[in-house]
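These are the residues of each chain, in order.
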Amino acid sequence: MKRAVRLLHAGRLRPLPALALVLTLVAGGFAAWAGQDWYRAAHDEQAAYAAQRDAALSAGEQAVQNLNTLDHRELKRGLDLWESSTTGELHEQLASGREEFTAQVKEAKTVSTARVLSGAVTELDDRAGRARVLVALRVTVEAADGAKSDKDSRMLGELTRTDGRWKLSALGQAPVGGTSTG
């Protein structure tokens, strides 16, 4: 009788090893699926393009803010920041006019601070390392007598990627909507 009982038990699967086998197969399938998904995301050109767009926007907004912020008490630091935020012809213009501009700001004794309200990348050529941004900002100017005035403006900036970093290479006022173009 003992032998018959053993034969009955020999044909049955044990629940614990069977559960372990099923869980191992499920985990392996999930790992393969997740690995394939990760690989696709890591090699997605659109994701790389979006990352460059975000980097250009962030650098453009910061550079426009830098070029609209200046304290007459810390001119050297402020003008050094201007120069480190720019490249190309814009950089050369700022560097060559630094002495004259320093004298004007010291005489006026103004403090200007800019705050970015919003920004957008309007063009991006990742391969050429060029981008254009539109940045809306509010500039507060405090005069020597303590009077403050706010001005909202929209700036168009051109960025050039140099040494892996985006820097402003041109900056100007954006045209105001509703004006006729001759």
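Going by the structure above, here's the rest.
In short, a report on the structure.

**Digging into unusual backbone geometry**
Item 1. Although it is not a glycine, Lys109 sits at a positive phi angle of roughly 55 degrees.
Item 2. Counting through the fold element by element, Lys109 comes out in the loop between helix 6 (98–108) and strand 2 (111–125).
Item 3. For Lys109, a relative accessible area of 45% gives the class partly exposed.

**Some remarks on the pattern of salt bridges**
Item 1. Inspection of the entire model under this criterion finds 10 salt bridges.
Item 2. For Arg98, the salt bridge identified is with Glu83, shortest N-O distance 3.0 Å. You can see Arg98 sitting in helix 6 and its partner Glu83 sitting in helix 4 (residues 75–84), a full 15 residues away along the chain.
Item 3. Linking Glu123 and Arg132 is a salt bridge whose minimum nitrogen-to-oxygen distance equals 3.5 Å.
Item 4. Take Glu123: its relative accessible area is 47%, and that puts it in the partly exposed class.
Item 5. It is possible to trace a salt-bridge network through shared partners that takes in Lys76, Asp80, Glu83 and Arg98.

**Focus: the side chain of Thr86**
Item 1. With respect to the helices, strands and loops of the structure, Thr86 is situated in the loop between helix 4 and helix 5 (88–96).
Item 2. Exposure remark for Thr86: the relative accessible area of 2% places this residue in the buried category.
Item 3. At 3.2 Å, the side chain of Thr86 forms a polar contact with the backbone oxygen of Trp82.
Item 4. Of the polar contacts made by the side chain of Thr86, one reaches the side chain of His91; its length is 3.2 Å.
Item 5. When neighbours within four sequence positions are excluded, Thr86 is seen to be in contact with Leu67, His91, Leu94, Lys167 and Leu168.

**Some remarks on the pairing of strand 2**
Item 1. Note: strand 1 (residues 70–71) against strand 2, two bridges, orientation antiparallel. Its bridge partner lying in strand 2, Leu70 is registered against Ser112.
Item 2. What sits between the antiparallel neighbours strand 2 and strand 3 (residues 130–142) is a turn of four residues, in which Gly129 has the positive phi angle 75 degrees.

About the thresholds
Residues numbered from 1 in each chain as written. Predicted model: local features only at pLDDT ≥ 70, side-chain atom pairs only at ≥ 80, totals over all residues. Heavy atoms only, no water. Helix = DSSP H or I, 4+ residues; strand = E, 2+ residues; numbered from the N terminus. Buried < 20%, exposed > 50% of the residue type's maximum accessible area, 1.4 Å probe, protein only. Salt bridge = Lys/Arg side-chain N within 4 Å of Asp/Glu carboxyl O. Polar contact = N/O pair within 3.5 Å; in protein donor to acceptor, adjacent residues only side chain to side chain. Contact = heavy atoms within 4.5 Å. Pairing = 2+ DSSP bridges.

Limitation: the analysis is restricted to geometry and does not speak to function.
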